[in-house]
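Structural characterization, general
Given next are the chains, with one letter for each unit.
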Amino acid sequence: MRSLENDNFQSKSCADLLKALSEPLRLRIVDLLRHGEMTVGDIAEFLETELVTVSHHLKILKHAGLIEVERDGRFMVYRLRQDLLQKAARSSKEFLNLGCCRIEVPETKAK
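Residues numbered from 1 in each chain as written. Predicted model: local features only at pLDDT ≥ 70, side-chain atom pairs only at ≥ 80, totals over all residues. Heavy atoms only, no water.

Things to note about unusual backbone geometry
Definition in use: Numbering of helices and strands runs from the N terminus, with a helix taken as a DSSP run of H or I at least four residues long and a strand as a DSSP run of E at least two residues long. Categorising residues by exposure relies on relative accessible area from a 1.4 Å probe, with only protein chains included: less than 20% of the type maximum marks a residue as buried, more than 50% marks it as exposed, and the intermediate range marks it as partly exposed.
Although it is not a glycine, E48 sits at a positive phi angle of roughly 50°. With respect to the helices and strands, the residue E48 is situated in the loop between α3 (40–47) and α4 (51–63). On the basis of relative accessibility, which here comes to 74%, the residue E48 falls in the exposed class.

A closer look at the side chain of R34
The condition is simple: We define a polar contact as two N or O atoms separated by no more than 3.5 Å, with the added condition that, inside protein, one atom must be a possible hydrogen donor and the other a possible acceptor, whereas residues neighbouring each other in sequence contribute only through side-chain atom pairs. By definition in these notes, contact holds between two residues if any of their heavy atoms fall within 4.5 Å.
Following the sequence through the fold, R34 ends up in the loop between α2 (24–33) and β1 (38–39). A relative accessible area of 17% places R34 in the buried class. A polar side-chain atom of R34 sits 2.7 Å from a polar atom in the side chain of D31. Setting aside its immediate chain neighbours within four residues, R34 contacts L80, L85, E94 and V105.

Comments concerning the side chain of H57
One can find H57 in helix α4. Aside from chain neighbours lying at most four places away, what touches H57 is E23, L25, R26 and I29.

Description of the sheet that holds strand β5 (residues 94–97)
Backbone hydrogen bonds hold the strands of a sheet together, and the pairing may be parallel or antiparallel. Condition: Here the rule is simple: two strands pair whenever DSSP picks up at least two bridges between them. Angles run from 0 to 180 degrees between N-to-C directions of axes, and those axes are lines fitted to C-alpha atoms, restricted for helices to the stretch in contact.
Ordered by their spatial adjacency, three strands build an open sheet running β4-β5-β6, and the pairing between neighbours is antiparallel. Looking at strand neighbours, the two that pair on one side only are β4 (85–87) and β6 (102–104), the edges of this open sheet. Geometrically, the sheet is characterised by an average inter-axis angle of 35° between neighbouring strands, direction not taken into account.

Topic: the sheet that holds strand β3 (residues 75–80)
The three strands are arranged β1-β3-β2 in an open sheet whose pairing can be described as antiparallel. Two strands lie at the open edges of the sheet, namely β1 and β2 (67–72), each paired on one side alone. Sheet topology note: the β2/β3 ladder contains six bridges and is antiparallel. Residue pairing in the sheet places R71 in a bridge with M76 of β3.

Topic: the pattern of salt bridges
In plain terms, the rule: What counts as a salt bridge is simple: a side-chain nitrogen of Lys or Arg found within 4 Å of a carboxyl oxygen of Asp or Glu.
Applying the stated criterion to the full structure yields nine salt bridges. Close ionic contact of R34 with D31 constitutes a salt bridge, the shortest N to O distance being 2.7 Å. E104 is the partner of K93 in a salt bridge, and the nearest nitrogen-oxygen pair spans 3.3 Å. Of the two residues, K93 is situated in the loop between β4 and β5 and E104 in strand β6; the sequence distance between them amounts to eleven residues. For K93, a relative accessible area of 33% puts it in the partly exposed group. Each of the salt bridges in this network shares a partner with another, and the network as a whole consists of D31, R34, K87 and E94.

Shown next, in the form of structure tokens:
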């Protein structure tokens, strides 16, 4: 049996990141933040969700290290961690680089 010292996936931290992304509303928040920073009120309004619910999910994403927050006057502004969203080489596709794995961002479908 292999030792955990050879844990190339960093299983615990990888599982924590994936767990943070496992809730549909949190994925929608990450998708919104791909386009730029937003306040909790802006996110709640865009997603048509209660402010307290969005705040709860932002706290989980922040604790997982997926987003960053900065105070701007009386508002808290949220954004994706700077190195999280990356573009694939020789392609316009974007992906979330979690370190242990990548999650490809689906292309926006034209309506």
